[in-house]
Amino acid sequence: MIKNRITKNIMFTMVATLSLLQTPLSFAQEKATPGFKHKIPENIMTPNKVKTRIGDLEFYDGLPSKETLTKVYDNLDFIRGVDVFLNFIPATSIEGMRLGMKELGADNSNKVVVFDNLMDASSLFLTGNGSTVYASAILDLEKDGPTVVEMPPGAGPGTVDDAFFRYVVDMGAPGPDRKKGGTYIILPPDYKGDLKPTPNSMKDNSSTKVLVGDQMKEVWIAQSRSYTNWMILRGFLVDGKPDAATKMWKTGLKIYPLKDAKKPNKMVFINGSGKVFNTIHANNYDFYKELWHVLQKEPINFIDPELRGQAAAIGLIKGKPFAPDTRMKGILHDAVAVANATARGIGLSPRDKNAYLYKGKQWYTGFVGKDYRWLDGDGNQGRNLDARTLFFYTATVNTPAMALEIPGVGSNYAFATKDSKGNILYGEKTYKLTIPANVPAKDFWSIVVYDPQTRSMLQTDQALPKKNNIVDKLVYNKDGSVDLYYGPKAPKGKEANWTQTVLGKAWFVLFRTYGPLKPWFNKTWQLNDFELME
């Protein structure tokens, strides 16, 4: 008995020992890392020499050398400079608009630039359109306080955007007045009075009564997050002419501080047609100077701490001068060059497959994700930063009406920067674009040619480098489609359907549908690509 028990114990001990020998050593039992008492995970260690895209980085026991410190801090400042450019394009674009309006003399809210004879290629204006009569004004809510806008009936799409190009309110056709006209009040960000914003939505356009001067009026109220705001309004052509829309603005549009409602300043209308002026932000070091001015003007909380921190990292701080030293200035010159190239890539040749409207074609949308805030639809990806850059580097006016799919309301756009083979559209070559019959646009469609350098209308011998199905006397095919031609010279017999391009320059287009209909949204109607004519 005893002998059997001893034998069993010995066998158990041998099995247990053998089991231990076959079990891998735990992490704590492995051989200690040199310089440590225990084994240290390799993935938390830093070698003494690391090869990277900014060169070899050297360390002594994890401490960076002086040379490495110089490299990584220069690189960090460079990254910050790139990020600031890409993330603050919306702010400097509004600043560029403010400066452009000021250049024309529109330096107060009662001074409005109206394009009496349509916008043409003389002005530098991001993808402006020569098919509607624009009325443009800059509101200064810091100086004026709550500001009244009286909209005339019959207006097309209109929008107010803040100093970071965020949507404030729509007016006219997509606005709460539903093209019937009415009174709006725009509140400054620091307003503390009794007025409260109204819903101003597509579903709820209810108004409220407010004493404006000596009269109680039904008004719509919106509050901006900034002092500077851009108001851009569109009037539609009547019988292909701008006269009625121009008259509508000059007789019916009024802008004045609420406090001056009893005796407002007289409206001043400045004709912007044919005028040479610039509304586009800088693409070089001056970009940071423009942004510095925005930060000084606006309240501290008009952007969140994350964005403020990015700007502050390169010396752009509210209440302080922008005075980078020689080293930093050199880095920022380099950073803005790379950032501008990046924005050009994103805006004019997007890599995001979701940008493209049709499978296998070159046309893409300016509103990737169909959200005017560029927020991912399912919420998992947050804000699509590249989508925001794509839009604001190439376009202006931020409104839900341009992103929502509401048949017959607002407008919708499509970009094309390449031909059917994926090649650049060259000014010295000739192309044909066939627009299928029955374009799904309740109001009208237009296609405008732009210069990739300025993202403004291409300057040619034609004042308006565009075609419009209402204004232009196009020659249509028997099936209702229309062939449009683009090149330095018109193909013989195709002059009516030809738009001129420039030798030695590239170009791109924006196709617009005003009052887009269901076939546009569900893509049962599709644009064709540009075909190179041999």
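Small disclaimer: the values here were computed from a predicted structure and weren't measured.

Undergrad: Got a minute to help me understand the pairing of strand S15 (residues 411-416) in this structure?
TA: The buried fraction of S15 amounts to 6 of the 6 residues, a majority that puts the element mostly inside the structure. By the alternation rule, side chains of S15 split into Ser411, Tyr413 and Phe415 and Asn412, Ala414 and Ala416, which are all buried. When S15 meets strand S22 (residues 508-516), the two strands line up antiparallel, connected through 6 bridges. Paired with Phe415 across the strands is Leu510, a residue of S22.

Undergrad: Just to check I follow, could you spell out the environment of Lys39 for this structure?
TA: Secondary-structure assignment places Lys39 in the loop between helix H1 (2-22) and strand S1 (49-52). With relative accessibility at 22%, the residue Lys39 sits in the partly exposed group. For the pair formed by Lys39 and Thr68, sequence separation is 29 residues and the distance between their alpha carbons is 27 Å.

Undergrad: Help me understand the sheet that holds strand S7 (residues 157-161) in this model?
TA: In a beta sheet, neighbouring strands are held together by backbone hydrogen bonds and run either parallel or antiparallel to one another. Taken in spatial order, the 6 strands make up an open sheet running S8-S7-S12-S5-S4-S14, and their pairing is mixed. Since the sheet does not close on itself, it has two edges, and those belong to strand S8 (167-172) and strand S14 (268-271), each with one partner. The sheet shows a mean angle of 20° between the axes of neighbouring strands, direction not considered. When strand S4 (residues 111-114) meets S14, the two strands line up parallel, connected through 4 bridges. Residue pairing across strands places Val112 opposite Phe269, the latter belonging to S14.

Undergrad: Even after reading the chapter, I still don't get the packing of aromatic side chains, so can you show me in this structure?
TA: The description of two aromatic rings rests on the distance between their centres and on the angle between their planes. Throughout the structure, instances matching the rule amount to 35 aromatic pairs. Look at Phe115 and Tyr134: their rings are 6.2 Å apart centre to centre, the planes differ by 75°, and that puts the pair in the edge-to-face class. Separated by 19 residues along the polypeptide, Phe115 in the loop between S4 and strand S5 (133-140) and Tyr134 in strand S5 bring together distant segments of the chain. Both residues of the pair, Phe115 and Tyr134, belong to the buried class.

Undergrad: It is not clear to me how helix H6 (residues 305-313) should be interpreted in this structure. Could you clarify?
TA: Because the α-helix completes a turn every 3.6 residues, residues three or four places apart line up on one side. Where H6 is concerned, the buried positions are Leu307, Gln310 and Ala311. Projected down its long axis, H6 shows its buried positions confined to an angular sector of 95°, all on one face. Those residues of H6 that are exposed and angled more than 90 degrees off the buried face are Pro305 and Glu306. In this fold, the buried residues of H6 make contact with helix H2 (66-103) and helix H5 (286-297). Sitting at the amino-terminal end of H6 is Asp304, which places a side-chain oxygen 3.1 Å from the backbone nitrogen of Glu306. Directly after H6, the chain includes Gly315, whose backbone phi takes a positive value near 95°.

Undergrad: Explain unusual backbone geometry here, please?
TA: Keep in mind that most residues, glycine aside, have a negative phi and that most peptide bonds are trans. Unusually for a residue other than glycine, Asp239 sits at a positive phi of about 55°. Position of Asp239 relative to the elements: it lies in the loop between strand S12 (228-235) and helix H4 (243-252). Exposure remark for Asp239: the relative accessible area of 74% places this residue in the exposed category. The backbone phi angle of Lys523 is positive, close to 65°, even though this residue is not glycine. Within the fold, Lys523 resides in the loop between helix H9 (518-522) and strand S23 (531-532).

Undergrad: Help me understand the sheet that holds strand S11 (residues 215-223), please; the structure alone is not making it clear to me.
TA: Taken in spatial order, the 5 strands of this open sheet run S10-S11-S9-S6-S13, and their pairing is mixed. Every other strand in the sheet has two partners, leaving strand S10 (208-212) and strand S13 (254-257) as the edge strands with one partner each. Sheet twist, expressed as the mean angle between neighbouring strand axes with direction ignored, is 40°. Across 5 bridges, strand S9 (residues 182-187) lies against S11 in parallel orientation. Each bridged residue has a counterpart across the sheet, and for Thr183 the counterpart in S11 is Val219.

Undergrad: Teacher, can you tell me more about the pattern of salt bridges here?
TA: Once the charged atoms of two side chains with opposite charge are near each other, the side chains can pair. Counting across every chain of the model gives 18 salt bridges. Across the salt bridge formed by Lys250 and Asp116, the nearest N and O atoms sit 2.8 Å from each other. In this pair, Lys250 is assigned in helix H4 and Asp116 in the loop between S4 and S5, connecting sequence segments 134 residues apart. Measuring nitrogen to oxygen at the nearest pair gives 2.7 Å for the salt bridge that ties Lys297 to Glu142. With Lys297 in helix H5 and Glu142 in helix H3 (residues 141-144), the pair connects residues that are 155 residues apart, well separated along the chain. Overall, the relative accessible area of 45% leaves Glu142 in the partly exposed class. Each of Lys49, Lys51 and Asp56 takes part in one network of salt bridges that share partners.

Calculation rules
Sequence positions are assigned chain by chain, starting from 1 and proceeding in written order. It should be noted that, the model being predicted, local features are given only for residues of pLDDT at least 70 and side-chain atom pairs only at 80 or more, the latter also being counted only at that level, while totals for whole chains, interfaces and linings use all residues. Heavy atoms throughout the structure, all of them, feed into the side-chain values; hydrogens and water do not. For every residue, the accessible area obtained with a 1.4 Å probe (protein chains only) is divided by the maximum for its type, and the residue is called buried under 20%, exposed over 50%, and partly exposed between those limits. Helix and strand definitions follow DSSP, with helices as H or I runs of at least four residues and strands as E runs of at least two, each counted in order from the N terminus. Each pair of strands is called paired provided DSSP finds at least two bridges between the two strands. Angular values range over 0 to 180 degrees, each being the angle between N-to-C directions of two axes fitted as lines to C-alpha atoms, with helices fitted over their stretch in contact. Stacked, tilted and edge-to-face are the three classes applied to pairs of Phe, Tyr and Trp rings, where Trp contributes its six-membered ring and a pair requires centres within 6.5 Å; stacked means planes under 30 degrees apart, edge-to-face means over 60, and tilted covers the rest. Here, the arc refers to the directions that run from the helix axis to the C-beta atoms. Contacts were defined at the residue level, with two residues in contact if any of their heavy atoms lie within 4.5 Å. In protein, a polar contact requires one atom able to donate a hydrogen and another able to accept it; more generally it is a pair of N or O atoms within 3.5 Å, and residues adjacent in sequence count only if both atoms are side-chain atoms. Between Lys or Arg on one side and Asp or Glu on the other, a salt bridge is scored when a side-chain nitrogen of the former is within 4 Å of a carboxyl oxygen of the latter.

So yeah, pure geometry; function would need other evidence.
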